[in-house]
Amino acid sequence: MNKKVLFISIYVVILILLSVGFGFIGFFTNNKVYYVPNNNTKDYVEVLYAKRTITAGSLIKEEDIGVKKVPASLANNAMTDKSDLINYRVSYCVKEDMKIAINSLFYLDDIRVCDVDLLSVKNNLLYLDVSNIEEFNKYKYIDMYDYVDLNVEIKDINGDVVKDKFIENAKIISIYDANKKNIFKSSKENDAEVLVLDVNDEIYKLVSVAKYLNATITPVLKINSVARGEQIVSDKIKSIIENKSL
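None of these values were measured; they are calculated from a predicted model.

Participant: For this particular structure, what's the right way to read the overall build of the chain?
Facilitator: Scanning the chain from N- to C-terminus turns up 4 helices and 10 strands. Looking at the chain as a whole, 37% of its 246 residues are labelled buried. In the chain, once contacts between residues fewer than 6 apart in sequence are set aside, the share between residues at least 24 apart is 71%. Entry remark: accessible area of the chain is about 15200 Å², with carbon and sulfur atoms responsible for 53%.

Participant: I tried to follow helix 3 (residues 201–212) on my own but got confused; where do I start?
Facilitator: Spanning 12 residues, helix 3 covers 16 Å between terminal C-alpha atoms, matching the ideal 16 Å at 1.5 Å per step. For helix 3, the capping residue at the N-terminal end is Asn-200, with a side-chain oxygen 3.2 Å from the backbone nitrogen of Glu-202. Two residues or fewer past helix 3, Asn-214 is found with a positive phi of approximately 65°.

Participant: I'm lost on the packing of aromatic side chains in this one. Help?
Facilitator: Aromatic rings in a pair are described by how distant their centres are and how their planes are angled relative to each other. What the rule picks out here adds up to 2 aromatic pairs. On the numbers, 6.5 Å between centres and 15° between planes, the contact of Phe-136 with Tyr-139 is stacked. Their ring planes at 80° and their centres at 5.9 Å tell us that Tyr-141 and Phe-184 sit as a pair that is edge-to-face. Placement of Tyr-141 in the loop between strand 5 (124–129) and strand 6 (145–155) and of Phe-184 in the loop between strand 7 (161–176) and strand 8 (194–199) is noted, with a sequence separation of 43 residues between them. Against the face of Tyr-49 rests Lys-68, its NZ or CZ located 5.0 Å from the ring centre.

Participant: Would you mind showing me how to read the nonpolar core here?
Facilitator: Within soluble globular proteins, side chains that are nonpolar tend to cluster in buried spots. Ranked by size, the top nonpolar core spans 56 residues in total, and within it Phe-106, Phe-136, Val-148, Ile-175, Leu-197 and Val-207 carry the most contacts. Broken down by element, the residue count for this core peaks at 8 residues, all from strand 7. Leaving out residues up to four positions away in the same chain, Ile-175 has contacts with Phe-136, Tyr-139, Lys-181, Asn-182, Ile-183, Phe-184, Ala-192, Val-194 and Leu-195. Membership of the second largest hydrophobic core comes to 6 residues, among which are Val-70, Ala-75, Ala-78 and Leu-105.

Participant: Can you help me understand the pattern of salt bridges in this one?
Facilitator: For the structure on display, the rule yields 6 salt bridges. Linked by salt bridges that have partners in common, Asp-149, Lys-165, Glu-168 and Lys-222 make up one network.

Participant: It is not clear to me how the side chain of Asn-190 should be interpreted in this structure. Could you clarify?
Facilitator: Mapping Asn-190 onto the fold places it in the loop between strand 7 and strand 8. One polar contact links the side chain of Asn-190 to the main-chain carbonyl oxygen of Lys-188, over a distance of 2.7 Å. Setting aside chain neighbours within four positions, we find Asn-190 in contact with Phe-136, Asn-137, Lys-138, Tyr-139 and Ile-183.

Participant: Would you take a moment to explain the packing of helix 3 against helix 4 (residues 235–244) for this structure?
Facilitator: Between helix 3 and helix 4, whose axes approach to 10 Å, the crossing angle comes to 65°. Taken as axis vectors, helix 3 and helix 4 run roughly perpendicular relative to one another. You can see that helix 3 and helix 4 cross each other, and the crossing is left-handed. Note on element contacts: helix 4 touches helix 3 through Lys-238, Ile-241 and Glu-242, opposite Glu-202, Leu-206, Val-209 and Ala-210. Across the contact of helix 3 with helix 4, the residue classes tally to 4 nonpolar, no polar and 3 charged.

Participant: Which parts of the structure should I look at to understand unusual backbone geometry?
Facilitator: Where the residue is not glycine, phi is negative for most of them; where a peptide bond is considered, it is trans in most cases. Even without being glycine, Asn-169 reaches a positive phi, approximately 65°. Within the secondary structure, Asn-169 is located in strand 7.

Participant: Just checking my understanding: could you explain the environment of Ile-157 for this structure?
Facilitator: As for its position among the elements, Ile-157 is in the loop between strand 6 and strand 7. A relative accessible area of 67% means that Ile-157 is categorised as exposed.

Participant: Sorry if this is basic, but what is going on with the confidence of the model for the chain here?
Facilitator: When pLDDT drops low, the exact placement of atoms in the prediction is not to be read closely. Within the chain, residue pLDDT values average 80, and 76% of them lie at 70 or more. By mean pLDDT, helix 1 (residues 3–30) is the weakest element of the chain at 52, and strand 10 (residues 231–232) is the strongest at 94. Confidence over residues 24–39 falls short of pLDDT 50; this stretch has 2 contacts with residues more than four positions distant or in other chains.

The rules behind the values
- Residues numbered from 1 in each chain as written.
- Predicted model: local features only at pLDDT ≥ 70, side-chain atom pairs only at ≥ 80, totals over all residues.
- Heavy atoms only, no water.
- Helix = DSSP H or I, 4+ residues; strand = E, 2+ residues; numbered from the N terminus.
- Buried < 20%, exposed > 50% of the residue type's maximum accessible area, 1.4 Å probe, protein only.
- Contact = heavy atoms within 4.5 Å.
- Areas by Shrake-Rupley, 256 points an atom, 1.4 Å probe, with all protein chains shown as cover.
- Expected span 1.5 Å × (residues − 1).
- Polar contact = N/O pair within 3.5 Å; in protein donor to acceptor, adjacent residues only side chain to side chain.
- Phe/Tyr/Trp six-rings, centres within 6.5 Å; stacked < 30°, edge-to-face > 60°.
- Lys NZ or Arg CZ within 6 Å of the ring centre and 35° of its normal.
- Core = buried A, V, L, I, M, F, W, Y, C linked by side-chain atoms within 4.5 Å.
- Salt bridge = Lys/Arg side-chain N within 4 Å of Asp/Glu carboxyl O.
- Axes fitted to C-alpha atoms, helices over the stretch in contact; angles between N-to-C directions.
- Parallel < 35°, antiparallel > 145°, perpendicular 65-115°, else oblique.
- Left-handed = near helix turned anticlockwise from the far one by under 90°.
- Nonpolar A, V, L, I, M, F, W, Y, C, P; charged D, E, K, R; others polar.
- pLDDT = per-residue confidence, 0-100.

Dropping the structure here:
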């Protein structure tokens with residue numbers, strides 16, 4: 001091969017390589033996919049989801065519940081605390097007209113108490129942590145303490161703190177200590193850990209949402225002098241909870 005042919009061959013190869021190279025550059029220039037990592041963890045919240053499809057009326061078990069992070073904008077009122085589904089002696093079921101599909105989130109409206117051992121329960125069982133509430137430290141059953149009022153402290157949509165009595169006459173079902181022993185109506189002093197109340201659907205949902213919104217809920221023991229049944233006594237607190245849950 002003479003020098004002229006060799007030079008032409010090299011020149012052609014260089015042209016081909018340049019054409020291919022510019023072709024790739026043009027492709028990636030016109031088809032860019034930008035990836036911007038989102039390191040703002042405040043945009044995400046941990047929520048509970050179903051690891052299997054749970055049919056209407058079925059018992060919810062520990063192994064059915066998973067935890068995953070989703071954008072806060074998609075979380076809405078999804079349940080975030082596993083103890084709201086798996087807690088002490090009470091079992092929770094899917095309501096008869098509901099079904100929770102696999103990988104879907106848990107919501108308060110889908111759940112009901114299904115524990116058949118607590119025959120005195122008429123409505124929903126509401127659990128409240130009372131371990132840091134002075135009145136329940138050294139708890140002792142005196143003067144027929146069968147009911148509580150619930151005071152609520154919560155921020156409104158403007159960030160101002162609002163505090164008021166929210167619920168009157170919520171019936172006590174059980175009071176547990178740190179060892180999960182029922183100390184309700186005990187004549188000896190005990191440190192209470194969890195208060196269990198029997199409340200209607202509306203109060204159950206509102207107080208549960210208030211817990212989700214990190215409101216401060218303070219039960220106050222009261223003497224069973226008038227059995228009027230539980231009732232909402234603060235429309236302002238109710239309105240704040242409803243507006244902030246939208």
